[in-house]
Structures are given as structure tokens and as C-alpha cells.
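# Topology and contacts: notes
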Amino acid sequence: MSAIATHLHDVRRQIHDAALRAGRAPADVQLLAVSKTFGADAVREAIDAGQHAFGENYVNEAIDKITALHTWRDGLEWHFIGPLQSNKTRLVAEHFDWVHSVDRAKIAERLSAQRPAECAPLQVCLQVNISNEASKSGVAPADVPALARQIATLPRLRLRGLMAIPAPTGNIQAQRVPFRALRELWQALRDDGLPLDTLSMGMSADLEAAIAEGATIVRVGTAIFGARPPHGTQAAAQETIS
Ligand SMILES: *Cc1c(COP(=O)(O)O)cnc(C)c1O
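Here goes a summary of the coordinates provided. (Residues numbered from 1 in each chain as written. Predicted model: local features only at pLDDT ≥ 70, side-chain atom pairs only at ≥ 80, totals over all residues. Heavy atoms only, no water.)

### Topic: the packing of aromatic side chains
Just so we agree on the cut-off: Here a pair means two rings of Phe, Tyr or Trp (six-membered ring of Trp) with centres within 6.5 Å. Their orientation is stacked below 30 degrees between planes, edge-to-face above 60, and tilted elsewhere. In this description a helix means any DSSP run of H or I spanning at least four residues, a strand means any run of E spanning at least two, and both kinds are numbered starting from the N terminus. Buried, partly exposed and exposed residues are distinguished by accessible area as a fraction of the type maximum, computed with a 1.4 Å probe on protein chains only: under 20%, between the cut-offs, and over 50%, respectively.
Taken as a whole, this structure holds three aromatic pairs when the rule is applied. When the ring of phenylalanine 38 is compared with that of phenylalanine 225, the centres are 5.5 Å apart and the planes differ by 25 degrees; the resulting orientation is stacked. Of this pair, phenylalanine 38 sits in the loop between strand S1 (30–34) and helix H2 (40–48) while phenylalanine 225 sits in helix H9 (residues 222–225), placing them 187 residues apart in sequence. The pair phenylalanine 38 / phenylalanine 225 is uniform in exposure class, with both members buried.

### Side note on the pairing of strand S2 (residues 53–56)
Here is the rule: Pairing between strands is defined by DSSP: at least two bridges between the two strands are required. The crossover handedness rule: strands pointing away from the viewer, path from first strand over the helix to second strand clockwise, crossover right-handed.
Here S2 shows no split at all, with Ala53 and Gly55 on one side and Phe54 and Glu56 on the other all buried. Pairing of S1 with S2 involves two bridges; the strand directions are parallel. Bridge pairing in S2 places alanine 33 opposite phenylalanine 54. By the bridge criterion, four bridges tie S2 to strand S3 (residues 77–80) in an arrangement that is parallel. In the sheet register, alanine 53 faces S3, and the bridge partner there is glutamate 77. A crossover connection joins S2 to the parallel S3 through helix H3 (residues 59–70); in handedness this β-α-β unit is right-handed.

### Points about the pattern of salt bridges
Convention followed: Here, a salt bridge means any Lys or Arg side-chain nitrogen found within 4 Å of an Asp or Glu carboxyl oxygen.
Within the structure shown, the criterion is met by 12 salt bridges. One salt bridge connects arginine 13 with aspartate 17, and the closest N-O pair in it is separated by 3.8 Å. Pair noted here: arginine 13 and aspartate 17 are both in helix H1 (residues 3–21), with a separation of four residues, about one helical turn. Residue lysine 65 pairs with glutamate 56 through a salt bridge whose shortest N-O separation is 2.8 Å. Look at the salt bridges and you will find they share partners, linking Arg176, Arg180, Arg183 and Glu213 into a network.

### What to know about the site of the ligand
What counts, and what does not: Neighbouring residues are identified by heavy atoms, a residue being near a molecule or strand if any of them is within 4 Å of it. Under this definition, polar contacts are N or O atom pairs within 3.5 Å; protein pairs additionally need one hydrogen-donor-capable and one acceptor-capable atom, and for neighbouring residues in sequence, both atoms have to be side-chain atoms. Only the protein chains shown count as covering a residue, and every accessible area follows the Shrake-Rupley method with a 1.4 Å probe. By the convention adopted, Pro, Cys, Tyr, Trp, Phe, Met, Ile, Leu, Val and Ala count as nonpolar, Lys, Arg, Asp and Glu as charged, and the other residues, Gly among them, as polar.
Around the ligand sit 13 residues, and of these Lys36, Asn57, Ser204, Thr222 and Arg228 come closest. Side-chain polar atom of asparagine 57 to an oxygen atom of the ligand: 2.8 Å apart, as the coordinates give it. Here glycine 221 contributes a backbone N or O atom positioned 2.8 Å from an oxygen atom of the ligand. When the ligand sits alone it has 390 Å² of accessible area, and the protein chains cover 89% of it. Along the lines of polarity and charge, the residues of the shell around the ligand split into six nonpolar, four polar and three charged.

### What about the nonpolar core?
Selection criterion: Throughout this description, the term nonpolar core refers to a set of buried Ala, Val, Leu, Ile, Met, Phe, Trp, Tyr and Cys residues connected via side-chain atoms within 4.5 Å. Residues are treated as being in contact if the distance between any of their heavy atoms lies within 4.5 Å.
In this structure, Leu111 and Leu162 are the most contacted members of the largest nonpolar core, which totals 67 residues. Sequence-distant contacts of leucine 111, defined by excluding residues within four places in its chain, comprise Leu84, Thr89, Val92, Ala93, Val99, Val102, Leu122 and Leu157. Core analysis: the next-biggest nonpolar cluster, separate from the first, contains eight residues, Val34, Ala53, Trp98 and Cys125 among them.

### Here's the deal with the side chain of lysine 65
By the secondary structure assignment, lysine 65 is in helix H3. Among the polar contacts made by the side chain of lysine 65, one reaches the main-chain carbonyl oxygen of serine 35 at a distance of 3.0 Å. A polar atom in the side chain of lysine 65 sits 2.6 Å from the backbone oxygen of phenylalanine 38. Every residue in contact with lysine 65, bar those within four places of it in the chain, is listed here: Ser35, Lys36, Thr37, Phe38, Gly39, Ala40, Val43, Glu56 and Trp78.

### Let's talk about the environment of histidine 16
Note on placement: histidine 16 falls in helix H1. Under the relative-accessibility criterion, histidine 16 is labelled partly exposed at 31%. With 11 residues separating them along the chain, histidine 16 and alanine 27 place their C-alpha atoms 8.1 Å apart.

### Some details on the side chain of glutamine 127
Note that glutamine 127 resides in strand S5 (residues 122–127). For glutamine 127, a relative accessible area of 4% translates into the label buried. Beyond its immediate chain neighbours, meaning those up to four positions away, glutamine 127 contacts His100, Ser101, Val102, Asp103, Ser137, Gly138, Val139, Met163 and Ile165.

### A word on the packing of H2 against H3
Filter applied, for reference: Every axis corresponds to a line fitted to the C-alpha atoms, with the helix fit spanning only the stretch in contact, and the corresponding angles, defined between N-to-C directions, vary from 0 to 180 degrees. For classification purposes, an angle smaller than 35 degrees is called roughly parallel, one larger than 145 roughly antiparallel, one from 65 to 115 roughly perpendicular, and anything else oblique. Crossing handedness is read from the near helix: turned anticlockwise from the far helix by less than a right angle, it gives a left-handed crossing, and turned clockwise, a right-handed one.
Relative orientation of the contacting elements H2 and H3 amounts to 55 degrees, with a least axis distance of 10 Å. Overall, the two elements H2 and H3 adopt an arrangement that is oblique. Seen from above, H2 lies across H3 with right-handed handedness. Where H2 abuts H3, its residues Ala40, Val43, Arg44 and Ile47 lie against Lys65, Ala68 and Leu69. Along the lines of polarity and charge, the residues of the contact of H2 with H3 split into five nonpolar, no polar and two charged.

Following this line, the structure appears as C-alpha cells:
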């Protein structure tokens, strides 16, 4: 087995065990493999190990991979999970299946208008700034209900749920607090009639806490592909200037 296949196997086992411990069906937690900064070869290895859903943060880098792998394997699913500026919405609307990082009406409207007619509706999550961090993207919790209602009316989007990246904390009990807050916000929207089925929360370091609080998609990079180059190098830098 390749290193990536071994890591994928371990992460799937971790998800499975965390779901059982939480009294949940393991099949109700999907694994999104976050392949940002890694090349098409690494993604191919993951595909060979049975993975089909991939998360990407940098538009140009992602489209190179999507294009390279398009003819190689059908049925792949591409999720955009990074900060999205309005000058990149068309590329995202044209190449991705999901966007987890929608946090304002203008971006949502552009994605809906730019989604090609021959594609299925773009599946979206609202990104919530659940830890109220000044530096973080995401809509403030208090503004979620109004924005969710607005996005739910856009014809070429399908609002699936909420996403968050909480501030890192040490232990599992502390990690659960913001995930629980996100789930409660999500549940309130559902109680209010929005047909949401997705809670995108949990990464390599906190997926167990996220699953305990109801995550339906965990986004895992490092635990599958290994450590990434430090922020601001290579892909990230290129993306900023392009
Ligand atoms: C990079 C990234 C991940 C993966 O994080 P790891 O700690 O490497 O598992 C998940 N979600 C988002 C939004 C990311 O940008």
C-alpha cells in the first residue's frame, strides 16, 4: 500500500470508530480529502485507494488538477473550501460540484448566475465564523438565518448546510463547544423549514469532536496527504498574483 492509501485507511477507521462512539451510523459521515498544495499524482493515489471527493482551496491550482484527472476517472466530486473572491466565482461555478465557503449574498448571486445550464445546481454551504474571530472569514452567527433564506431562493444553487473552522483548542471537550453551536444554528434553520442535510465540520486535529457533535462531512488534509508547505508559499502566493 502507498503511504496515502495507508493514511486513508487509518482516517476511515478513525471516522468509523468516532461515529460508533457517538451512536451514529458511520455511513452518515463523509470524508472529504483536502488535496490543496498536493499534485494530481497524490490525488490519483487517493482515488486508487477508493476516495472520490476532494477539497481544494486555490482556484487555479484546483482547476489544473480537475482538468488533469477529468479523463482519468469519472464520478469524482470537487469541493471548493477556501476563501472566494468575486473575480474567481465564474471559474468555481464552472468547475466545482460544491462550495463550502459562501459567506455573502454577492458571492452566492454570482455563483448562481454563472453556473452553466448543463451542470447540476451547485451544492453550497454557508461558512459561519462560529468562534467570532476578527481575522476569520465566515458570516456572523446572528446573520446566518437571513443570508440562508436569501441563498435558498437562488435558482442555480442548492443550499445544503453550514460549514465552520473553529479556533484551535486543546482537548476534545473544548473542541466540541463551537461544533455544538454550529449544529444548534443548523438545527434552528431546519426547524424553521430549510431542507438542510449537511454539517461540514472537523479537520485532521478535531474530527472526532466534530463527529460527536453531528458532522456529516469532515474535511481532512494533513492526516491523509501529510504536512503542507507553510502558508504563503507556492500555490497560495501564485493565486494571489494571478
Ligand atoms: C486545509 C483545510 C482543511 C484540512 O485541514 P487539515 O488540518 O490539513 O486536515 C479543512 N478545511 C479547510 C477549509 C481547509 O482550508
